[in-house]
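The residues making up each chain are set out below.
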Amino acid sequence: MITLTIAWIALPFFLGFVIYLLPKIDRYFSLGCAIASVSYALFLFTTPPLTLQLLDSFGVTLLVDPLSGFFILTNALVTAAVILYCWHRSKTAFFFMQIIILHGSVNAAFVCTDFISLYVALEVISIAAFLVIAYPRSDRSIWVGLRYLFTSNVAMLFYLVGAGLVYQANHSFAFIGLRGAPPEALALIFLGLLVKGGIFVSGLWLPLTHSESETPVSAMLSGVVVKAGVLPLVRCALLVEEVDPIIRLFGVGTALLGVGYAVFEKDTKRMLAFHTVSQLGFILAAPEVGGFYALTHGLVKSALFLIAGVLPSRNLKELQDQPIHTPIWIALAIASFSISGFPLLSGFGAKVLTMKSLLPWQVIGMNVAALGTAISFAKFIFLPYQKQEEQGKNLQPGFWAAITLLIGGLVLANVAYYEAYSIVNIVKPLATIGLGWLAYFLVFRHTIFKLPRLLEQFDHLIGMMSLILILLLWRVLI
Amino acid sequence: MLKACVFATILCGFFGIIFKKNLVMKIISMDVMSTGVIAFYVLIASRNGLFTPIFSDVRNGNYADPVPQAVILTAIVIGFSIQALMLVGVMKLARDNPTLETNEIEKNNAP
């Protein structure tokens with residue numbers, strides 16, 4: 001088991017470099033790597049949790065358990081779908097190499113339980129993500145990538161100071177050391193993770209980055225990469241009870257913030273990106289069941305991004321006059337239903353499970369966020385559709401393979417929590433969706449209100465970090 | 001005292017990132033900030049002593065803690081590679097935005 005874990009962590013990096021040496025077989029190698037991760041994640045659900053202490057007492061510590069299993073499975077399925085999507089496209093070996101290294105570093109971030117391994121994994125993620133974002137080499141893509149790299153690197157510098165303070169207090173970098181560390185260490189570390197995970201106002205770098213990247217890259221970034229910042233937060237909340245209320249508070253805040261932006265958004269990809277912000281809030285709002293939610297969100301969000309990439313336009317207003325090809329519309333509707341929490345799809349189970357684990361003070365906020373989700377996805381469900389050979393022909397077979405994998409995963413994941421299917425549980429999401437659709441038709445369909453993008457400017461992103469730091473310190477100290 | 005200086009360096013870097021308009025200056029400010037972080041780790045390492053922990057017959061009790069130094073070495077390498085990557089990006093951007101002012105670049109490249 002120990003050898004298997006280490007081999008599995010090393011495999012993506014090894015294959016990544018081999019791909020560069022043997023560019024002809026890039027697609028097969030990268031897909032093989034994703035399949036290996038799927039089988040490893042499924043294997044994790046059948047074995048007891050394993051803690052690894054590599055090297056000496058100051059060495060790397062890893063923890064693999066069913067919680068990380070959910071995240072690893074998400075990562076593996078999304079990577080496989082992205083590779084299938086790009087299979088027939090003219091991407092070079094460099095792209096596949098970066099995708100697979102990104103996959104490997106996200107895996108590493110999911111299993112490590114000490115601050116320094118996490119730091120290294122997160123920084124490798126930044127570099128690999130920058131390279132895939134900047135892959136088209138256009139000015140805009142380079143700027144978007146640079147902005148992402150800069151923001152996350154500044155956040156990680158704060159994080160590093162926090163990690164130093166933890167070491168000073170405990171002579172160890174393990175997550176559990178947060179308990180004995182001074183409050184400012186906690187604030188600094190959480191600042192880094194919040195920015196990296198795209199949470200609350202510190203996560204406002206995310207909409208532009210995710211919407212301006214290429215389709216497969218946004219699917220990968222939104223589906224898994226942000227979760228590399230979220231899982232450590234969940235882990236800290238589970239290990240150290242004192243920080244649990246802070247994490248839950250940020251969960252509610254970010255769920256409402258994301259949804260608040262999403263309902264007014266008229267651009268498909270930006271709406272999906274804001275939705276990622278809000279769904280991360282759902283994961284954090286109930287840390288003990290966050291794994292399952294992360295799995296369903298990862299699958300559905302990457303499917304939605306891949307579908308949004310083949311729609312005739314990005315503007316929702318224009319899409320209302322341009323019918324979509326029927327099969328694409330069906331896929332879009334299934335994914336939208338899942339994310340709104342409709343029964344038969346695993347988004348339902350995940351939502352029920354999260355709602356059940358909320359604390360009383362969170363319930364109102366999260367229900368409002370769920371309503372907002374239903375409103376914003378009504379925009380997709382009620383788009384016109386008809387059979388259009390033209391659009392159908394342009395689709396490559398890889399697209400359908402990727403979508404089948406992701407939506408099939410959504411249906412199959414139902415088994416993880418089949419107890420959700422009771423009358424009470426089914427009625428509530430249906431009522432939420434009904435209310436959401438009503439609100440959509442009465443109010444939001446016709447609004448032309450546009451929220452300002454001021455807070456998404458680069459200087460404000462950096463400045464916001466100092467505000468979040470003060471907010472965190474204040475929450476920690478009282 | 002030393003600790004105050006270290007934190008002042010970190011803050012100087014951070015304010016530089018916010019207040020400097022030019023992208024290259026921002027990157028240099030980030031470097032100042034990371035220098036501060038590195039100095040902080042060195043400071044943590046030297047709490048119990050300054051001697052290099054080398055195994056030998058002569059023993060002087062006040063060894064520096066090797067762990068933070070080993071850790072920060074990784075961070076230095078990562079920081080330097082990220083900076084190199086950023087500067088390459090800046091070089092590409094400089095062709096169309098010769099002043100490299102971030103708000104100008106943002107205006108040209110935002111949707």
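- The name given to chain B in an unreviewed UniProt entry is Cation:proton antiporter, with Myxacorys almedinensis A as the source organism.
- Here chain B is described in UniProt, under the heading Sequence similarities (unreviewed entry), as follows: "Belongs to the CPA3 antiporters (TC 2.A.63) subunit C family."
- What UniProt records for chain B under Subcellular location (unreviewed entry) is the sentence "Cell membrane".

- Per an unreviewed UniProt entry, chain A carries the name Cation:proton antiporter and comes from Myxacorys almedinensis A.
- As stated in UniProt under Sequence similarities (unreviewed entry), the record for chain A gives "Belongs to the CPA3 antiporters (TC 2.A.63) subunit D family."

1. Observations regarding the nonpolar core
- With 212 residues, the main nonpolar core has Val154(A), Phe190(A) and Tyr41(B) as its most contacted residues.
- In terms of residues, this core owes the most to one element, helix α6 (residues 139–170) of chain A, which gives 19 residues.
- With residues up to four places along the chain from it excluded, the contact list for Tyr41(B) reads Ile116(A), Leu160(A), Ala163(A), Gly164(A), Phe173(A), Pro68(B), Val71(B) and Ile72(B).
- In this structure, Val263(A), Ile375(A), Ala378(A) and Ala439(A) belong to the second largest nonpolar core, which totals six residues.

2. Examining the UniProt feature "transmembrane region" (unreviewed entry) in chain B
Residues and elements named next belong to chain B.
- Mapped onto this numbering, the UniProt entry annotates "transmembrane region" (unreviewed entry) at residues 6–24, 36–55 and 67–90.
- Span residues 36–55 is 50% helix and 0% strand, its end C-alpha atoms 30 Å apart.
- The span residues 67–90 carries 100% helix and 0% strand; its end-to-end C-alpha distance comes to 35 Å.

3. Section: the pattern of salt bridges
All names here are of chain A.
- One pass over the structure, following the stated rule, counts 14 salt bridges over all chains.
- In this structure, the salt-bridge partner of Arg270 is Glu456, at a minimum N-O distance of 3.0 Å. You can see Arg270 sitting in helix α12 (residues 268–285) and its partner Glu456 sitting in the loop between α20 (423–444) and α21 (458–477), a full 186 residues away along the chain.
- Given a relative accessible area of 7%, Glu456 falls into the buried group.
- Each of Arg140, Glu212, Asp267 and Arg314 takes part in salt bridges that share partners, so that together they form one network.

What counts and what doesn't
- Residues numbered from 1 in each chain as written.
- Chains lettered and ligands numbered in written order.
- Predicted model: local features only at pLDDT ≥ 70, side-chain atom pairs only at ≥ 80, totals over all residues.
- Heavy atoms only, no water.
- UniProt positions renumbered as here; feature names shortened; annotations may be inferred.
- Core = buried A, V, L, I, M, F, W, Y, C linked by side-chain atoms within 4.5 Å.
- Buried < 20%, exposed > 50% of the residue type's maximum accessible area, 1.4 Å probe, protein only.
- Helix = DSSP H or I, 4+ residues; strand = E, 2+ residues; numbered from the N terminus.
- Contact = heavy atoms within 4.5 Å.
- Salt bridge = Lys/Arg side-chain N within 4 Å of Asp/Glu carboxyl O.

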